[in-house]
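# Overview (structure and organization)
Letter by letter, the chains look like this.
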Amino acid sequence: MPRRPPQPLIEPGLAARVLDRALARGGDFAEVFCEDRSGFTMAIDESRVERAQRGGERGAGVRVASGETTYFAHVDGLDEADLERTADAAASALAGQRSAPRPLAAAGGPELQEILTDPAGVPAERKAELLRACDERARAAGGSVTQVMASYAEGRRRVTVASSEGRFASDDRTRVRLGVQVVARRNGAVETGFETLGAHRGWELVEGGVAEATAERAAQVALTLLDAGDAPAGAMPVVVGGGFGGVLFHEMTGHGLEADHVQKHASVYEGKLGEQVAQPHLVAYDDGALPNEWGTEGIDDEGTPTQRTAVIEEGRIASYLHDLRSAAKDAVSPTGNGRRESFRHLPIPRMTNTYIAPGTATPQDLIADVDQGFYAVSFAGGQVDPTTGDFVFGTSEGYLIEGGRVTRPCKGATLIGNCLSALANIDAVANDFEMKTGFCGKGGQRVPVGTGQGHVRISELTVGGTAVG
Amino acid sequence: MTPAADLEALAEQAAESALAAGAGDAEAAVQDSTGREIRVFDGQVESLTEAGERGLGVRAWIDGRVGFAYGTDLSGDGLADVAADAVEAARVVDPDEHAAAPAPSDDAGRAGDPGVYHDAQVGAMPTPEKIGLAKAIERHAREADHRVAGVETTVYVDEEVRWALCSSTGLRGFYEASFAYAYAQVIAADNGSKQTGLGFGLGRSPVALDPEAIGREGAERAVQLLGASKPASRNCPVVLDPTVAASFAGFVGGVLCADEVQRGRSPFADRLGEEVASDVLVLTDDGTDPEGMASAPIDGEGLARGRTTLIGRGRLSAYLHDSYTARRDGGARSTANAARSGYRSAPSVSTSNLILGPGGASLEELLAGAGDGVYVTDVAGLHSGVNPVSGQFSVGASGVLVEGGELGTAATEFTIASDLVSMLSAVSAAGAEARWVPFGGSVKSPPLLIAEMAIGGS
């Protein structure tokens, strides 16, 4: 598909009438968010292609803000009557004087991401073939591979935002994602390997053998873990792998930098703008405009253009992540981080693609300096309490480091610690930068996010394993 | 909301459209729900959401192939489009000899009253009163203890939902349900230590919620952890509070679903009739418990919901089935555990309400039984920390050390590790007081004393 300006989902005239109605009983701000999403998913399991599923939704959410309070209503459908009813519902709790919206700006929008082949135009049979190829490649990795599950998902999300501040902007987002899970068994041991591939791209993402390589990698992880022993327990140096290892930074720092947490006194980074929280070599960004990355969008879900925001510069907190509301409260510019799962949700500050910038060391350098430690290659996921800074991560692939060398694989260990000390203890970052895809949950909303980094070393972190001694 | 007869007519029309589009059999389920969410911060309404949702999902079968599609356009053309998408989806998958539309003969029981899980007070209570309830939770949290520094979020949610289902094989059903819940995330601070605690309550309507109890629980949980330190790594007895026990029970219920079992992805595969837990443990799935938030007269395929004993006196006695897994199993019957999380998802095997049988011990007796151990009041990272295939887990935890059978100092930043079968086998006592917990599904659980688990700390 050639790059083209995004088409608005509703006419500016209709948007203006809806905003007018939304402010009929007063309010400082009104917004209508329209969305049209469609998607297709399919999976292979037991070497059988199954769970083919197609779906689509169209709807809108209208919000009216008055003082500290936001009134919100949403509806399925984008007809004028639907939108008017929703505007009335959002306004119904107010009892003030009509306020007037500003005229809407000319239809605008970002330059769209390059999509070479619209996945919706690719016949479903080819998607089935892709899944079969993944299944075969994973099974060919070794006789101990007993199960392969692979899932393919494509989705297109068109949005239009109009607000009483005159914003009128649209975006058109296409994403493709593949996930492969492999189970291997030998002598009573059962292990799983999981690998994903995803981007703000079209069908071209999975072409040319990349999908099959993803399946093979998942199989290799499962096979390697069959020889795994117990993970160590206790405090030790931890080397974290590149790519999805970045979820560690996402959880332990990214969430605490989301301005809503900070403003509610629920972040360990509150009041630390400009303060040294990490060693001077550490630089990190949130970048919603990275070309074709999984968490990339042209505008956020409030119509603010996405941007690259330095969150840590030379070890100091450089910026929080803002939506319109939090930015107004702090009297700063919004950073394009106002995101929502769908038209049924209110926007809140969210990460896009968050990453630690590459350092100069090699991954080998980081490991060579460790006498007794743990090497966490990748994670199954993690969780943080932004208020206390306590976090926990489940490792999906981990090894023991002994005498500066990676020695043996370890079964599912958990890393546990506190953000401030773990961040301060990052003593080296390697140059093997990579981005990976994930979904982030917050306030009941799930959005696609990218995480990335090269290998990173934390001089001391608690590993929770089963080997106590 | 849309009248029952209209929803039933829409489901019937959609199923017929799928047959017209080429399906051998078809089933349509229509959902219509309304609800509201109120968020309060610092004594003010932060947001008030009026939510309505209406959509349908269609399954189409063609010669052992099944496809699913969903949409929100309920016009005649909209229904036809969704039906055609479902048929097209069925055409691209591989055939499966067990894939077939559920039929009335799959039904083991008689569906209950369609309205018994609905409380009209959800809709009747005016919104300002619900706002008052949310504000009261926040106020009670603040007043509960002088060390409460703030309340990060206070949320009230309610929903009324109607489902109508129609299949070409003759299954038809309608029911309505309601629920309300509220929670508060409370922050406590003292002497440089900062901790958070969650208080929650749930019921069929806001009338069932006690704002003082919810606020106080959040405050008490946060205050209890103040001054916490990292415990030493060791193996020791552990007492799980009901919320933590429920989270683990939810995980166990998940791997007792027959689809995971049949595909060899459950630590309980091929273990029917075997001892998988200590004899004090009884685990039941009950889709009709009047207090259970997952209760309904019918499941997601239109079959009458019922009660299934999963683990009785330590022995694995059943798996949870839908019509597909029952057919694949040969001798089994659907336990009517097909669930839909909404019209956007195809039905799949899931727990309904899990009930962990209570024992006779008070919490004090469980702590005394632990001697020197840990009382775990919260776990984090359950989804990333448990391997559902092997059952091995290592999850983050916080709580209070048990010293000489009594609560001592608070502990955070540690992990508890074991595997599901070892943990269930090490349950040495269950508490008498059980509680409904909305984590990991809908679970009713007492506190549990586990004889030994690995603690990973300093």
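Bear in mind the structure is a predicted one, so any value in this text is a computation, not a measurement.

On a plain count of helices and strands, chain A comes out with nine helices and 21 strands. For 469 residues, the compact-globule estimate of 2.2 N^0.38 gives 23 Å, and chain A sits close to it at 24 Å. Within chain A, contacts between residues separated by at least 24 positions form 75% of all contacts whose residues are at least 6 apart in sequence.

The subject of this paragraph is the overall build of chain B. Each helix and strand counted, chain B has eleven helices and 20 strands in total. Relative to the 2.2 N^0.38 estimate, which gives 23 Å for 458 residues, the radius of gyration of chain B is 24 Å and therefore close to what a compact globule would have. Seen through its C-alpha atoms, chain B measures out along the principal axes to roughly 70 × 55 × 35 Å. A burial count over chain B gives 62% of its 458 residues as buried. Counted over contacts in chain B with a minimum sequence separation of 6, partners at least 24 positions apart contribute 72%.

Another point: the sheet that holds strand S10 (residues 316–317) of chain A. Residues and elements named next belong to chain A. Spatially, the six strands line up as an open sheet ordered S10-S9-S8-S13-S20-S19, and their pairing is mixed. Looking at which strands have only one partner, the edges of the open sheet turn out to be S10 and strand S19 (434–442). Here strand S9 (residues 308–313) pairs with S10 via two bridges, running antiparallel. Within S10, the position partnered with isoleucine 312 by the bridge is isoleucine 317.

This part covers the domain arrangement of chain B. All names here are of chain B. Here chain B is described as being made up of domain 1 (4–224) and domain 2 (234–456). Put simply, the middle of domain 1 and the middle of domain 2, counted by C-alpha atoms, are 23 Å apart. With 34 residues of domain 1 at the interface, the matching set in domain 2 holds 27 residues. When residues in the side of domain 1 that touches domain 2 are grouped by element, the largest group, six residues, is from strand S5 (residues 172–190).

Our next topic: the interface of chain B and chain A. Taken together, the contact pairs 60 residues of chain B with 66 residues of chain A. Ranked by residues supplied to the side of chain B that touches chain A, first place goes to strand S2 (residues 44–62) of chain B with twelve residues. Of the residues belonging to the side of chain B that touches chain A, the class tally is 18 nonpolar, 28 polar and 14 charged. Relative to strand S3 (residues 65–71) of chain B, strand S2 (residues 48–66) of chain A runs parallel, the two sharing four bridges. Across the sheet, A:Ala52 pairs through a bridge with B:Gly67, a residue of S3(B).

Let us now look at the sheet that holds strand S9 (residues 307–312) of chain B. Strand pairing in a sheet takes place through backbone hydrogen bonds and is either antiparallel or parallel in direction. All names here are of chain B. Spatially, six strands are ordered S10-S9-S8-S13-S19-S18 in an open sheet, and the strand pairing comes out mixed. Edge positions in the sheet fall to strand S10 (315–316) and strand S18 (435–437), since each of these pairs with one other strand and no more. Across the face of the sheet, helix H6 (residues 242–255) comes into contact with strand S8 (283–286), strand S13 (353–356), S18 and strand S19 (442–445) while running at roughly 125° to S19.

The next subject is the domain arrangement of chain A. One frequent convention defines the size of an interface as the accessible area lost when the parts assemble. Residues and elements named next belong to chain A. Its domain assignment divides chain A into domain 1 (12–225) and domain 2 (234–464). One C-alpha centre belongs to domain 1, the other to domain 2, and the line joining them spans 22 Å. For the side of domain 1 that touches domain 2, the elements supplying multiple residues, two or more each, are strand S1 (29–45), S2, strand S3 (69–76), strand S4 (145–163), strand S5 (168–186), strand S6 (189–199) and helix H4 (210–225). The element that contributes the greatest number of residues to the side of domain 1 that touches domain 2 is S5, accounting for five residues.

This part is about helix H1 (residues 4–20) of chain B. All names here are of chain B. Over its 17 residues, H1 extends 24 Å from the first C-alpha to the last, a length consistent with the 24 Å expected when each residue adds 1.5 Å. Listing the buried residues of H1 in full gives Leu7, Leu10, Ala11, Ala14, Ala15, Ser17 and Ala18. Buried residues along H1 cover an arc of 155° about the axis, so they all sit on one side. Each element contacted by the buried residues of H1 is listed here: strand S1 (25–41), S2, helix H2 (76–92), strand S4 (148–167) and S5. Where H1 terminates, the next one or two residues include glycine 22, which has phi positive at roughly 120°.

What follows covers the environment of A:Asp369. Residues and elements named next belong to chain A. Considering the arrangement of structural elements, one finds aspartate 369 in the loop between helix H8 (363–368) and strand S14 (372–385). Using a count of 16 C-beta atoms within 10 Å as the deciding quantity, one classes aspartate 369 as partly exposed. When the C-alpha atoms of aspartate 369 and glycine 403 are compared, they prove to be 8.2 Å apart, with 34 residues separating the residues in sequence.

A word on the confidence of the model for chain B. Per-chain confidence: chain B averages 95 in pLDDT, with 100% of residues scoring 70 or above. The ipTM assigned to the predicted complex is 0.91, against a pTM of 0.93.

Next up on the list: the pairing of S1(A). Residues and elements named next belong to chain A. Bridge analysis of S1 against S2 gives 16 bridges, and the strand direction is antiparallel. Of the residues in S2, the one forming a bridge with phenylalanine 29 is alanine 65. Taken together, S1 and the strand that follows it, S2, pair antiparallel across an intervening segment of two residues, in which glutamate 46 is found at a positive phi of about 55°.

Between its first and last C-alpha, helix H2 (residues 80–91) of chain A extends 16 Å over twelve residues, near the 16 Å set by a 1.5 Å rise per residue. Those residues of H2(A) lying buried are A:Leu83, A:Thr86, A:Ala87, A:Ala89, A:Ala90 and A:Ala91. Check the buried side of H2(A) and you find it contacts helix H1 (12–22), S1, S2 and S3 of chain A together with S2 of chain B.

A few words now on unusual backbone geometry. Residue and element names in this part refer to chain B. Of note in this structure, arginine 313 is not a glycine but carries a positive phi near 50°. Counting through the fold element by element, arginine 313 comes out in the loop between S9 and S10. Phi angles above zero are rare outside glycine, and alanine 336 is one such case at about 60°.

For the rest of this paragraph, the subject is the pairing of strand S14 (residues 373–380) of chain B. Residue and element names in this part refer to chain B. The buried fraction of S14 amounts to seven of the eight residues, a majority that puts the element mostly inside the structure. The sheet contact formed by strand S7 (residues 234–240) and S14 spans three bridges and is parallel. Looking at S14, one finds that valine 239 is bridged to tyrosine 375. Bridge analysis of S14 against strand S15 (residues 392–403) gives seven bridges, and the strand direction is antiparallel. Pairing of glycine 373 across the sheet is with valine 402, part of S15.

Take the packing of helix H4 (residues 127–144) of chain B against helix H5 (residues 211–224) of chain B next. All names here are of chain B. Direction vectors running N to C along H4 and H5 enclose 40°, while the axes themselves pass 7 Å from each other. Taken together, the axes of H4 and H5 lie oblique to each other. Between H4 and H5 the crossing geometry is right-handed. From H4, Leu133, Ala136, Ile137, Glu138, Arg139, His140, Ala141 and Ala144 reach across to H5, where they touch Pro211, Glu212, Ile214, Gly215, Arg216, Gly218, Ala219 and Glu220. The class makeup of the residues in the contact of H4 with H5 is eight nonpolar, three polar and five charged.

Turning next to the environment of B:Ala417. Secondary-structure assignment places B:Ala417 in strand S16 (residues 406–419). B:Ala417 gets classed as buried once you count the C-beta atoms within 10 Å, which come to 28.

This part takes up the environment of B:Val255. Residues and elements named next belong to chain B. In this structure, valine 255 sits in helix H6. C-beta crowding within 10 Å serves as the criterion here: with 19 such atoms nearby, valine 255 is assigned to the partly exposed category. Once the C-alpha coordinates of valine 255 and leucine 320 are considered, the two residues, 65 residues apart in sequence, prove to be 9.4 Å apart. For valine 255, the contacting residues outside a window of four places in its chain are Glu260, Ser266, Pro267, Phe268 and Pro388.

For any two helices packed against each other, the geometry is given by the interaxial angle and the distance between the axes. Residues and elements named next belong to chain B. As a packed pair, H1 and H2 sit with axes 8 Å apart at the nearest point and diverge in direction by 45°. Taken as axis vectors, H1 and H2 run oblique relative to one another. Read as a crossing pair, H1 and H2 show a hand that is right-handed. Counted together, Leu10, Gln13, Ala14, Ser17 and Ala18 of H1 and Leu79, Ala80, Val82, Ala83, Ala86 and Val87 of H2 form the full contact between these two elements. Residues belonging to the contact of H1 with H2 are distributed by class as follows: nine nonpolar, two polar and no charged.

Cut-off values and rules
Residues numbered from 1 in each chain as written. Chains lettered and ligands numbered in written order. Predicted model: local features only at pLDDT ≥ 70, side-chain atom pairs only at ≥ 80, totals over all residues. Helix = DSSP H or I, 4+ residues; strand = E, 2+ residues; numbered from the N terminus. Rg over C-alpha atoms; globule rule 2.2 N^0.38 Å. Contact = placed C-beta atoms within 7 Å. Buried ≥ 20, exposed ≤ 12 C-beta atoms within 10 Å, placed from the backbone. Pairing = 2+ DSSP bridges. Domains from an automatic or database assignment. Nonpolar A, V, L, I, M, F, W, Y, C, P; charged D, E, K, R; others polar. Axes fitted to C-alpha atoms, helices over the stretch in contact; angles between N-to-C directions. Expected span 1.5 Å × (residues − 1). Arc of directions from axis to C-beta. pLDDT = per-residue confidence, 0-100. Parallel < 35°, antiparallel > 145°, perpendicular 65-115°, else oblique. Left-handed = near helix turned anticlockwise from the far one by under 90°.

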